[in-house]
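Residue-level structure breakdown
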Amino acid sequence: MTGEPRRRWRRWPTRMLVIATCLALLGAGWTVVRAAQAKGNLARAAHLVAQLERQARAGDLAEARRTLAALRTQTRAARTRTAGPGWWAARHVPVAGRNAVAAQALVRTLDDVAQRGLPALLDLAGSVDLATLVPRHGRVDLTSLASVAPRLAEADAELRAARGRVAAIEVDGVLDKVRAAVTAFRDGLDRLLSLTGVAVRAATLLPSLLGAERPRTYLMLVQNLAELRATGGMAGAFAVLRADRGELRIVRQGAAATDLRTFPRPVLALHPAMRLLYTDRLGTYPANVNLTPHFPTAAALVREMYRRRFGQTVDGVLAVDPVALSYLLRATGPVRVPGGRTLTADGAVATLLSDVYLRAQDTGAEDRYFASAARAVFDALGSAAVSPRTALDMLARAARERRILLWTADPRERTAIAGTALEGALPERDGARPTVGVFLNDGSGAKLGYYLRPAVDLRITGCRSDGRRELTAWITLRSVAPRSGLPRSVLGLGLAGDPYTVRTNVMVFSPAQGALVAARMGGTPVPFGTGAERHRAVGVLTVDVPPGASRTVEITLLTAPTPEPGVATRPHLWLTPTATAWRTSVGPDRACGRPR
């Protein structure tokens, strides 16, 4: 090869690099234009999604279908404008290409949901008569439920596949706007999946739970939120439900204190760690079976207590609380309780958790009224005047807030509800989001829980060299109890000394495989009891709050070593349901570097 051609040959790779760079820049420039167009499509899509949600909730399926058609046009246009050679080039630009990769994956997944997942849900909504999914004259139409289950499962599977693709989008190092868009879409899918997941399980499980194959009996506990327990409130009144081929009847009612009574020894063997945390009271006194936040444990214990007292083994245990009953009253309308006031959606909580104690004439009157109220709402739910859509929405809301809990003795059914809020099972593993539990048990021996206003602020406040995240939780309890005028039925044992002071045993559960480091109150370190449950460290502090005062406890915790260093995460809270909703703050997302 002569000298000049050789020199031209040597310059060829350089020229190719220049040409490739120019093409990449031209492609990136074209992509900017296309991205601006896609941005407009996505902005219109966001508006249509909000509109679609309003129409679906209102039951206006005709308008919802028209909105969905417009939404599909916008997401398909955005997908087209984020494809082609220009976007291929943009994906390969160092550093900046991460944004193109994330944006393209997001748009494709959004289009998949609009083209396949949402139409299936609307078609399903249009073909199902909601009236068949709630009791009518005490019976649920099991045939309709069975026909819905397969189609619900298909729609749910499509949405779960989309959620998996969104979870796989790499957002480390991308622009804040891109990360925010991915997070918003992920959270939207999570909300939708929380609904479809419950619906799939309900349509699959309810026929067997409601006695399609054989009659079933369930022990239903009404949790009294005026005296707090970790899952909500102490078990006061109870009822036994019988389900036979969709027909539901209450066949027995009673009070835990007078009918189940106490036992000299735990009715089931308790793990040593459970006895250390809760003592034998967990297995001997019906009002204390839910000192633990793990509902399956509480359910198994109270089921055995019922068997020993009445000689009958129930098929499952159900728990509800007065707030859940107030939600159902939005579907039934006001309900008259024999021998008491009319219950309304807005007034039921105050009536059941406060007024009944102020009017009580004898010990046990409160439990009898609780039982009567639960039966009245139960009977009203099967009347012809109930709004099916409202009833289903309120049942779903109560389940999400863990105000309705279910345990069944059938292992297959337990597997089917595993991981749902309905199960009330404290998980032994956290996955990608570290879970912190804050649970409240009354220490006053009184009914002052109605006056408690809880709040918690949870944040990632540091990264350890071993890959653990450091979390800090600020837990505030405020009392709005009066300083005088409450009857003995409310003040109870007054174990805090001052009978108007609310004493609460606050239990803080670390993330799975995590640890508790320290507790402070007013900046001063305070001692706390320690234990463990379900692979979580547990700290227990007693907090006394006088009327009109508040107390804040600061807790430092550690997660397990981070499995994916560099990946941003946000912790998750699990709380005791209370008469007044917790005020919560969690976040923001934070990543930790690779351990040294």
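Report follows, based on the coordinates. Remember, predicted model here, so these are calculated numbers, not experimental data. (Residues numbered from 1 in each chain as written. Predicted model: local features only at pLDDT ≥ 70, side-chain atom pairs only at ≥ 80, totals over all residues. Heavy atoms only, no water.)

1. So, the side chain of Ser444
- As for its position among the elements, Ser444 is in the loop between strand E8 (435-442) and strand E9 (452-463).
- Of the residues examined, Ser444 reaches a relative accessible area of 1% and is grouped as buried.
- Residues contacting Ser444, with those up to four places away along its chain left out, are Leu493, Gly494, Leu495, Thr501, Val502 and Arg503. (Helix = DSSP H or I, 4+ residues; strand = E, 2+ residues; numbered from the N terminus. Buried < 20%, exposed > 50% of the residue type's maximum accessible area, 1.4 Å probe, protein only. Contact = heavy atoms within 4.5 Å.)

2. Section: empty space enclosed by the protein
- Following the criterion strictly, the structure yields 3 cavities of 30 Å³ or more and no others.
- Within this model, the largest cavity holds a volume of roughly 60 Å³.
- Lining the largest cavity are Ala230, Thr231, Pro293, Arg402, Leu405, Gly424, Phe439, Trp574, Leu575 and Pro577.
- The class makeup of the residues in the lining of the largest cavity is 7 nonpolar, 2 polar and 1 charged.
- Here the second largest cavity defines a volume of roughly 50 Å³.
- Lining the second largest cavity are Leu221, Gln223, Thr231, Ala235, Val289, Asn290, Phe295, Ala298 and Ala299.
- Looking at the lining of the second largest cavity element by element, the count peaks at 3 residues for helix H10 (residues 295-310).
- Partitioning the lining of the second largest cavity into residue classes produces 6 nonpolar, 3 polar and no charged. (1 Å grid on protein atoms, 1.4 Å probe; cavity = no way out; pocket = protein on both sides within 12 Å on 5 of 7 lines; lining within 4 Å. Points joined across faces, edges and corners; volume = space filled by probe spheres on them. Nonpolar A, V, L, I, M, F, W, Y, C, P; charged D, E, K, R; others polar.)

3. What to know about unusual backbone geometry
- The phi torsion at Arg245 lies on the positive side, around 50 degrees, for a residue other than glycine.
- Within the secondary structure layout, Arg245 lies in the loop between strand E2 (232-244) and strand E3 (247-255).
- Its relative accessible area of 58% is what places Arg245 among the exposed residues.
- Backbone geometry places Gln513, a non-glycine residue, at a positive phi of 60 degrees.
- With respect to the secondary-structure elements, Gln513 resides in the loop between strand E11 (502-509) and strand E12 (515-521).

4. Brief notes about the sheet that holds E2
- Pairing is mixed in the open sheet, where 5 strands are placed in the order E3-E2-E1-E4-E7. Two strands in the sheet have a free side with no partner beyond their single neighbour: E3 and strand E7 (404-408). The sheet shows a mean angle of 25 degrees between the axes of neighbouring strands, direction not considered.
- Here E2 pairs with E3 via 8 bridges, running antiparallel. Within the sheet, the bridge partner assigned to Phe238 lies in E3 and is Gly254.
- Packing against the sheet, H10 makes contact with strand E1 (216-229), E2, E3, strand E4 (316-320) and E7, and its axis sits at approximately 65 degrees to E7. (Pairing = 2+ DSSP bridges. Axes fitted to C-alpha atoms, helices over the stretch in contact; angles between N-to-C directions.)

5. Some words on the sheet that holds E8
- Ordered by their spatial adjacency, 5 strands build an open sheet running E14-E15-E11-E8-E17, and the pairing between neighbours is mixed. Of all the strands in the sheet, the pair left with one neighbour each is strand E14 (529-533) and strand E17 (572-575). Across this sheet, the average inter-strand angle for adjacent strands is 25 degrees, counted without regard to direction.
- In the sheet, E11 pairs with strand E15 (residues 536-545) via 8 bridges, with the strands oriented antiparallel. For Val508, the partnering residue across the bridge sits in E15 and is Gly539.

6. Some words on the packing of aromatic side chains
- In the structure shown here, the tally under the stated rule is 5 aromatic pairs.
- Ring geometry for Phe238 versus Tyr306: centroids 6.1 Å apart, planes at 80 degrees, classification edge-to-face. Of this pair, Phe238 sits in strand E2 while Tyr306 sits in helix H10, placing them 68 residues apart in sequence. One exposure class covers both Phe238 and Tyr306, and it is buried. (Phe/Tyr/Trp six-rings, centres within 6.5 Å; stacked < 30°, edge-to-face > 60°.)

7. A closer look at the nonpolar core
- In this structure, Val438 and Ile555 are the most contacted members of the largest nonpolar core, which totals 91 residues.
- Of all the elements, helix H13 (residues 365-381) adds the most residues to this core, at 9 residues.
- Excluding residues within four positions of it along the chain, Ile555 makes contact with Leu471, Thr472, Ala473, Ile475, Val508, Leu516, Ala518, Ala519 and Leu541.
- Residues Leu301, Ala319, Met507 and Phe509 belong to the second largest nonpolar core, which totals 35 residues. (Core = buried A, V, L, I, M, F, W, Y, C linked by side-chain atoms within 4.5 Å.)

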